[in-house]
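Fold and geometry: a report
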Amino acid sequence: MQAILTSLDRRWRRNKNGFAPSHWKICLFLTANIVLLAALLFDWPVGATIKNIAPPIHFFGKLLTNFGESGWIILVSTFLFFEGWAGSRLLQSPRCRCQALRICQIGGYLLTTIALSGIVANLLKRAIGRARPMHFEDWGPFGFSPFNGHAAFESFPSGHATTIGAFFVALAFLFPRYRYVFVACALWLATTRVMIGAHYPSDVIAGLALGGWFSFMTAIVYSRYGLLFRIGETGWPVPRLPLLKGK
């Protein structure tokens, strides 16, 4: 164990000096303003019309919204982590052991990101206590009952959107070649929470931002220890080695 800690500390110091400045402050500022604007401009009309949403749109949202459940992602990530770890110990070929170790790191990255962002989202939504759109007529879009303990007052931020944001931003960092596809998938899947009347638009935007933020910060930590990522010239995490063939 001491040898592992010493190795991690050495990697941290080596990568810290090469860390390029990122634009996280600008991103955080823009995100906060986008959430506020969404709350002021879109939450009220959405809440007022949510009961009259077209049945096909509601059906489409109901069909896809459960993808944001974190349970299946945590199970798959845990499997990848332990399967990769076992392979790195048991396989004979050095190349196969390295590949298994990368799978282990990917599983650990996804597991850490999804689990931590989910915990924070659940703590926030309970502490904030925003009423869901189903209570729009009684509470409006700015009705709050902190620490109410009832799911009807756990709207902000959206837990599903947090999971979706964390998962797809993590995939975008792992496979940057397909980042635009992952961003589009995240937007569509997160919007299903509005389609079924479970959240306001600002809830979804805040959840996406929270999940994406955790993916970014976790990738930064991994890069500091020389695990899976490195910091590119622009300050964003990039894979140390390509996970797919091609540039």
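Residues numbered from 1 in each chain as written. Predicted model: local features only at pLDDT ≥ 70, side-chain atom pairs only at ≥ 80, totals over all residues. Heavy atoms only, no water.

This next bit is on the overall build of the protein chain. In terms of helices and strands, the protein chain carries 10 helices and two strands. Ordered by position in the sequence, the α and β elements of the protein chain form the string α-α-α-α-α-α-α-α-α-α-β-β. Counting the 247 residues in the protein chain, one finds 42% classified as buried. Within the protein chain, contacts between residues at least 6 apart in sequence are counted, and of these 71% link residues at least 24 apart. Carbon together with sulfur atoms contributes 69% to the accessible area of the protein chain, which is approximately 14200 Å² in total. (Helix = DSSP H or I, 4+ residues; strand = E, 2+ residues; numbered from the N terminus. Buried < 20%, exposed > 50% of the residue type's maximum accessible area, 1.4 Å probe, protein only. Contact = heavy atoms within 4.5 Å. Areas by Shrake-Rupley, 256 points an atom, 1.4 Å probe, with all protein chains shown as cover.)

The interhelical angle for the contact between helix H6 (residues 94-128) and helix H8 (residues 159-174), taken along N-to-C directions, is 155°, at an axis separation of 9 Å. One way to sum up the angle between H6 and H8 is to call them roughly antiparallel. H6 and H8 meet at a crossing whose hand is right-handed. Across the interface between the two elements, Ile106, Tyr109, Leu110, Thr113, Ile114, Ser117, Ala121 and Lys125 from H6 touch Gly159, Thr162, Thr163, Ala166, Phe167, Ala170, Phe173 and Leu174 from H8. For the contact of H6 with H8, the residue count by class is 10 nonpolar, five polar and one charged. (Axes fitted to C-alpha atoms, helices over the stretch in contact; angles between N-to-C directions. Parallel < 35°, antiparallel > 145°, perpendicular 65-115°, else oblique. Left-handed = near helix turned anticlockwise from the far one by under 90°. Nonpolar A, V, L, I, M, F, W, Y, C, P; charged D, E, K, R; others polar.)

Turning to the confidence of the model for the protein chain, a few remarks are in order. This prediction gives the protein chain a mean pLDDT of 85; 88% of its residues lie at or above 70. Within the protein chain, the lowest mean pLDDT, 51, falls on helix H1 (residues 2-16), and the highest, 94, falls on H8. Long-range and interchain partners of residues 15-21, a stretch whose pLDDT sits below 50, account for 15 contacts in this model, where long-range means more than four residues apart. (pLDDT = per-residue confidence, 0-100.)

Here we come to the nonpolar core. Ranked by size, the top nonpolar core spans 32 residues in total, and within it Tyr109, Phe167, Phe168, Leu208, Leu228 and Phe229 carry the most contacts. Where this core is concerned, the elements lending two or more residues are H6, H8, helix H9 (179-195), helix H10 (201-224) and strand E1 (229-231). Top element by residues in this core is H8. It accounts for 10 residues. Here Tyr109 is in contact with Ala170, Phe173, Leu174, Ser215, Thr218, Ala219, Tyr222, Leu228 and Phe229, once residues within four sequence places are set aside. (Core = buried A, V, L, I, M, F, W, Y, C linked by side-chain atoms within 4.5 Å.)

Our focus in this paragraph is unusual backbone geometry. That bond from Phe156 to Pro157 is cis: its omega, -5°, falls within 30 degrees of zero. Mapped onto the secondary structure, Pro157 falls in the loop between helix H7 (136-139) and H8. Positive phi is not limited to glycine here, since Leu228 has a value of about 70°. Looking at the element boundaries, Leu228 is found in the loop between H10 and E1. Residue Leu228 is classed as buried on the basis of its relative accessible area, which comes to 7%.

Under the defined criterion, the tally for this structure stands at four salt bridges. Lys51 is the salt-bridge partner of Glu137, the closest N and O atoms lying 3.5 Å from each other. In this pair, Glu137 sits in helix H7 while Lys51 sits in the loop between helix H3 (43-49) and helix H4 (55-64), placing the two residues 86 residues apart along the sequence. Considered together, Glu137 and Lys51 belong to a single accessibility category, that of exposed residues. Note that Arg130 and Asp203 form a salt bridge whose closest N and O atoms lie 2.7 Å from each other. One end of the pair, Arg130, is in the loop between H6 and H7; the other, Asp203, is in helix H10, with 73 residues separating them in the sequence. (Salt bridge = Lys/Arg side-chain N within 4 Å of Asp/Glu carboxyl O.)

This next bit is on the side chain of Arg193. Structurally, the position occupied by Arg193 is in helix H9. Within the buried core, Arg193 has no salt-bridge partner, and the shortest N-O distance to an opposite charge, that of Glu69, equals 6.3 Å. Polar side-chain contacts of Arg193 include one of 2.7 Å to the side chain of Thr65. Excluding residues within four positions of it along the chain, Arg193 makes contact with Thr65, Ser158, His160, Ala198, His199 and Val204. (Lys, Arg positive; Asp, Glu negative; His and termini not counted. Polar contact = N/O pair within 3.5 Å; in protein donor to acceptor, adjacent residues only side chain to side chain.)

Attention shifts here to the environment of Phe59. Examined against the element boundaries, Phe59 turns out to sit in helix H4. As for Phe59 and Thr192, which are separated by 133 residues in sequence, their C-alpha atoms are 9.6 Å apart.

This part is about a nonpolar patch on the surface. Residues Leu36, Leu37, Leu40, Leu41, Phe42, Trp44, Phe142 and Phe144 make up a contiguous nonpolar surface patch of about 860 Å² in total accessible area. Structurally, the position occupied by Leu36 is in helix H2 (residues 24-41). (Patch = residues over 30% accessible without salt bridge, like charges linked within 9 Å, V, L, I, M, F, W, Y side chains within 5 Å.)

Applying the stated criterion to the full structure yields 15 aromatic pairs. Between Trp213 and Phe216, the aromatic rings sit 5.9 Å apart at their centres with planes inclined by 45°, giving tilted as the arrangement. With a gap of three residues between them, Trp213 and Phe216 both fall in helix H10, about one helical turn apart. When its relative accessible area of 29% is taken as the criterion, Trp213 is described as partly exposed. Among the aromatic residues, those joined into a ring-pair cluster are Phe67, Trp72, Phe167, Phe168 and Phe182. (Phe/Tyr/Trp six-rings, centres within 6.5 Å; stacked < 30°, edge-to-face > 60°.)

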